[in-house]
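# Tertiary structure, described
One letter stands for each residue in the lines below.
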Amino acid sequence: MYKLLIIILLLILVIYYFKNKEHFVSKEVFDDQTILITGGTRGLGFAIAKYFTRYDCKLLITGIQKDKMQYAVNILRKKNKNVEGYVLDLSDKKSINDFAKLIDKKKIDILINCAYKKSKRKELSSSNPGDIMSDLNVNISGTLYLNQKIIKNMRYYRNGKIFFISSPSSKAHDTLVYKSSDIISKHAIEKLTDLLAYENYKYKIGVCTIRVDTGIFSDSQIDTSKTNNKTLKKIY
């Protein structure tokens, strides 16, 4: 009699398990998340996107060139079918507005800001002001404008995480070693992060900066003793 009851109980548990299997299967922290990576077609942004393909998440990447964006999407979709690519130019307000409309109905869980305009290494005193402003228009103004759009989305859902990428140049002074617009951009990004984090914590939105060190900088000069030319070319 007891054996029969145990068998019946086990059968009930098995049936319940298969009906509610999703509640028993442990999920990774990024599963079912929508992750937006700007500048996701190359460099650090693409590397981060490739990392996330291992999870059951939806990936949205942006790039300024349609052909490179599509190439990156094709590679990423080999490991994760839920990858979407968008053309986005952070120097163009209309491009940002158009992109924001395309993703307006999506719940963005994580935004990783990797889009960045690289500059030439030149001292600030003799730099062309137009070149500096062109860099800052992308790295600061355009990036902030896009983040304001995404924050509006995250505030609606009262949840989200935003990451900015910085580097040791944020604390540098030597414009012949570190690019002058890099120093200005990265320093501004870190302060921008502080302000956005303060304003949005009550909406359960986390904002932080990840400072990436390539490992080739010293305090006063570029340390190339352990770095080959090919690596330097990729970084600069």
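Here is a short report on the structure shown in this document. (Residues numbered from 1 in each chain as written. Predicted model: local features only at pLDDT ≥ 70, side-chain atom pairs only at ≥ 80, totals over all residues. Heavy atoms only, no water.)

### Some words on the nonpolar core
For clarity, the threshold we go by: The criterion is simple. A nonpolar core is a set of buried Ala, Val, Leu, Ile, Met, Phe, Trp, Tyr and Cys residues joined through side-chain atoms within 4.5 Å. Using a 1.4 Å probe on the protein chains alone, a residue whose accessible area is under 20% of its type maximum counts as buried, one over 50% counts as exposed, and one in between counts as partly exposed. The numbering of helices and of strands both runs from the N terminus, where a helix is a DSSP run of H or I of at least 4 residues and a strand a run of E of at least 2. Contacts are assigned to residue pairs with any non-hydrogen atoms lying within 4.5 Å of each other.
Grouped together as the largest cluster of nonpolar side chains are 28 residues, with contacts concentrated most on Leu36, Ile103, Ile150 and Ile162. If you list the elements that add at least two residues to this core, you get helix H5 (93-102), helix H6 (129-157), strand S5 (160-166), helix H7 (180-200) and strand S6 (205-211). If you tally residues by element for this core, the top one is H6, at 9 residues. The residues touching Ile150, leaving out its near neighbours within four places in the chain, are Leu36, Ile103, Ile108 and Leu111. By size, the runner-up hydrophobic cluster in this structure holds 19 residues, among which are Cys57, Ala72, Val73 and Ile112.

### Side note on the packing of H5 against H6
Formally: Axis geometry follows a simple rule: fit a line to the C-alpha atoms, using only the stretch in contact for helices, then measure angles between N-to-C directions, giving values from 0 to 180 degrees. With respect to orientation, any angle under 35 degrees is reported as roughly parallel, any angle over 145 as roughly antiparallel, any angle of 65 to 115 as roughly perpendicular, and every other angle as oblique. A clockwise turn of the near helix away from the far one marks a right-handed crossing, whereas an anticlockwise turn of less than a right angle marks a left-handed crossing. Three classes are used: nonpolar for Ala, Val, Leu, Ile, Met, Phe, Trp, Tyr, Cys and Pro, charged for Asp, Glu, Lys and Arg, and polar for all others, with Gly counted as polar.
Close contact between H5 and H6 brings their axes to 10 Å; oriented N to C, the two are set at 20°. By the criterion of interaxial angle, the relationship of H5 to H6 is roughly parallel. Here the hand of the crossing between H5 and H6 comes out right-handed. In contact with Lys93, Ile96, Asn97, Phe99 and Ala100 of H5, H6 contributes Gly142, Tyr145, Leu146 and Lys149. Taken together, the residues of the contact of H5 with H6 sort by class into 5 nonpolar, 2 polar and 2 charged.

### Regarding the pairing of S5
The following threshold applies: Paired strands, in this sense, are two strands between which DSSP finds at least two bridges. Think of it like this: strands point away, you trace from the first strand over the helix to the second, and a clockwise trace means the crossover is right-handed.
Within S5, 5 of the 7 residues are buried, leaving the element largely enclosed by the surrounding structure. Alignment of strand S4 (residues 110-113) against S5, held across 4 bridges, turns out to be parallel. The residue bridging Leu111 from the neighbouring strand is Ile162, located in S5. Crossover connection from S4 via H6 to parallel S5: handedness right-handed. Where S5 and S6 come together, 7 bridges link them in parallel fashion. Looking at the pairing, Ser166 lines up with Arg211 of S6. Between the parallel pair S5 and S6, the chain is carried across by H7, and the sense of this crossover is right-handed.

### Overview of helix H4 (residues 66-76)
Quick note on the threshold: What the arc describes is the spread of directions from the helix axis to the C-beta atoms.
Taken together, the buried positions of H4 are Met69, Ala72, Val73 and Leu76. Each buried residue of H4 sits inside an arc of 100° when the element is viewed along its axis, so together they form one side. Set apart from the buried face of H4 by more than 90 degrees, the exposed residues are Asp67 and Tyr71. Elements that come into contact with the buried residues of H4 comprise helix H3 (43-52), strand S2 (58-63) and strand S3 (83-87).

### Considerations on the side chain of Ser127
What counts is decided by this rule: Here a polar contact is recorded for every N or O atom pair within 3.5 Å, except that within protein the pair must consist of a potential hydrogen donor and a potential acceptor, and residues adjacent in sequence are included only if both atoms are side-chain atoms.
By the secondary structure assignment, Ser127 is in the loop between S4 and H6. Classification of Ser127 by relative accessible area gives buried; the value is 15%. There is a polar contact of 2.7 Å between the side chain of Ser127 and the backbone oxygen of Glu123. Filtering out sequence-adjacent residues up to four positions away, Ser127 remains in contact with Lys122, Ile132 and Ser180.

Structural measurements only, silent on function.
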